[in-house]
Amino acid sequence: MNVREATAADEQTLLDFTRAIWDENWTRPWRPPEVSPQLFEGKLVLLAEDEDKPVGFAFGEFNAQGYAHVNIVYVVPQRRRQGVTTALMREFAARAREAGIDHLTLDVATDNEVGREVWQRLGFTEWTRRLLVPIDRLEQHGAAGESYASLHVQSDDLEAVQAQVDKYLTRLGGSGGRVEGPRNGWVAVYADLVDRDRKARERLASELSNATAAVVCALSVDDGVVVRYVLYERGSVVDEYQSVPEHFGPLPPGDVVALGANPTVVSRLTGAEPAQVRAVARTASTPDELPPADELLQQLAGVLGLEGAGRG
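Residues numbered from 1 in each chain as written. Predicted model: local features only at pLDDT ≥ 70, side-chain atom pairs only at ≥ 80, totals over all residues. Heavy atoms only, no water.

**Brief notes about the overall build of the protein chain**
Assigned secondary structure in the protein chain consists of eleven helices and eleven strands. Principal-axis analysis of the C-alpha atoms gives the protein chain an extent of 80 × 40 × 35 Å. By the burial criterion, 41% of the 312 residues in the protein chain qualify as buried. Sequence separation of at least 24 residues holds for 59% of the intrachain contacts in the protein chain that already meet a minimum separation of 6. Roughly 17300 Å² of accessible area belongs to the protein chain as shown, and the carbon and sulfur atoms make up 46% of that amount. Charge-centre separation for the protein chain: the mean point of 32 positive side chains lies 4 Å from the mean point of 47 negative side chains. (Helix = DSSP H or I, 4+ residues; strand = E, 2+ residues; numbered from the N terminus. Buried < 20%, exposed > 50% of the residue type's maximum accessible area, 1.4 Å probe, protein only. Contact = heavy atoms within 4.5 Å. Areas by Shrake-Rupley, 256 points an atom, 1.4 Å probe, with all protein chains shown as cover. Lys, Arg positive; Asp, Glu negative; His and termini not counted. Charge placed at Lys NZ, Arg CZ, Asp CG, Glu CD.)

The following block contains the structure:
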């Protein structure tokens, strides 16, 4: 097998290979670049051949800062797993080193498991992540309001809850936790980390439930528009509710259903009337179909018997 720099005579092969990889692997939510010779201008383009027949290509560009970026590597299906990619990359790396380059970079889709395995075998490691958001969703979140929350531990032992909050809040990167109660059989916990970080909030709730062997409810308003609770028993999630199930992103249908309250479980853990839970803990596709989040939070807290919900 021979790897050489492509010439003008190879233009049609390069265009055909580029169309093939777009057809096979383009999963981005926008259209691919136009397939034209301009794609290769100013780039190093390498062609792999076997018995003078093209079997793959790679192209990329050198950056004056001291790295080279590989835009595309493509191998015809019948020649995969036969060392063509390795040969292309070794030649690309050799050309880069001659130009004083020390590092190569490339992009690989997170759902391209085969591609990720190939690059990892060649020594590539993840050093950054490229994130994606639809502009509509960004605008929705950009206009969103305040997030705030409270944790409620089903216990009368304020000191025991305070000790566990001090222990775990620090481990999660928070500080200044405030513990109040008991009120109606629940001790309430407030902290800046609980307000702003949903994952840390629910991790702390799980740890408190496990450490105290008590039921814990994490109750929140997120982005000013979504009401959410998670109920824990001995550290495990036993029920979860979110007023707008797909607010944080699209979900499989089963997950959407799972974010509706389970009145039977809620009744067992909190003593709430199932009919009241069912009436208050409604879900919708948009916040506009529900009461204002502050109002819905207080309605839900009343049904669950949680005093001091939210900001305290």
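The discussion continues.
**Concerning helix α5 (residues 158–171)**
For α5, built from 14 residues, the straight-helix expectation of 20 Å at 1.5 Å per residue is met to within 8% by its first-to-last C-alpha distance of 20 Å. Among all positions in α5, only Val161, Gln164, Val165, Tyr168 and Leu169 are buried. End-on view of α5: buried residues confined to an arc of 120 degrees, all on one side of the axis. Along α5, the residues that are exposed and aim more than 90 degrees away from the buried face are Glu159 and Thr170. Against β6 (148–153), β7 (178–183), β8 (186–190), α6 (192–196) and α7 (198–212) lie the buried residues of α5. (Expected span 1.5 Å × (residues − 1). Arc of directions from axis to C-beta.)

**Quick notes on the sheet that holds β6**
Within a sheet, adjacent strands bond to each other through the backbone by hydrogen bonds, running parallel or antiparallel. Ordered by their spatial adjacency, six strands build an open sheet running β7-β8-β6-β9-β10-β11, and the pairing between neighbours is antiparallel. Of all the strands in the sheet, just β7 and β11 (236–242) have a single pairing partner and so form its edges. With direction set aside, neighbouring strand axes in the sheet form an average angle of 20 degrees. Direction of pairing for strand β10 (residues 226–233) relative to β11: antiparallel, over a ladder of six bridges. Bridged to Tyr232 within β11 is Val237. In this fold α5 packs onto β6, β7 and β8, with an angle of close to 155 degrees to the strand it touches most, β7. (Pairing = 2+ DSSP bridges. Axes fitted to C-alpha atoms, helices over the stretch in contact; angles between N-to-C directions.)

**Quick word on the pattern of salt bridges**
Evaluation of the coordinates by the stated rule reveals 18 salt bridges. Between Asp50 and Arg79 there is a salt bridge, and its shortest N-O distance comes to 2.6 Å. Linking Asp50 in strand β2 (residues 44–50) with Arg79 in the loop between β4 (67–75) and α2 (84–98), this pair joins segments that are 29 residues apart in sequence. Look at Arg79 and you get buried, because its relative accessible area is 17%. In this structure, Asp107 and Arg130 form a salt bridge, with 3.1 Å as the shortest nitrogen-oxygen distance. You can see Asp107 sitting in the loop between β5 (103–106) and α3 (113–121) and its partner Arg130 sitting in the loop between α3 and α4 (135–142), a full 23 residues away along the chain. (Salt bridge = Lys/Arg side-chain N within 4 Å of Asp/Glu carboxyl O.)

**A closer look at the sheet that holds β5**
With mixed pairing, five strands are arranged side by side in an open sheet as β1-β2-β3-β4-β5. The outermost strands of the open sheet, each flanked by one partner alone, are β1 (2–5) and β5. With strand direction ignored, the average angle separating the axes of adjacent strands in the sheet is 30 degrees. Its contacts with the sheet put helix α1 (residues 11–25) on β2, β3 (53–63) and β4, and the angle it makes with β4 is roughly 85 degrees.

**Focus: the side chain of Thr270**
Relative to the assigned elements, Thr270 resides in helix α9 (residues 263–270). Residue classification places Thr270 among the buried positions, given a relative accessible area of 17%. A polar contact of 2.7 Å, which involves the side chain of Thr270, links it to the backbone oxygen of Val266. Engagement of the side chain of Thr270 in a polar contact is seen with the backbone nitrogen of Ala272, the distance being 3.2 Å. (Polar contact = N/O pair within 3.5 Å; in protein donor to acceptor, adjacent residues only side chain to side chain.)

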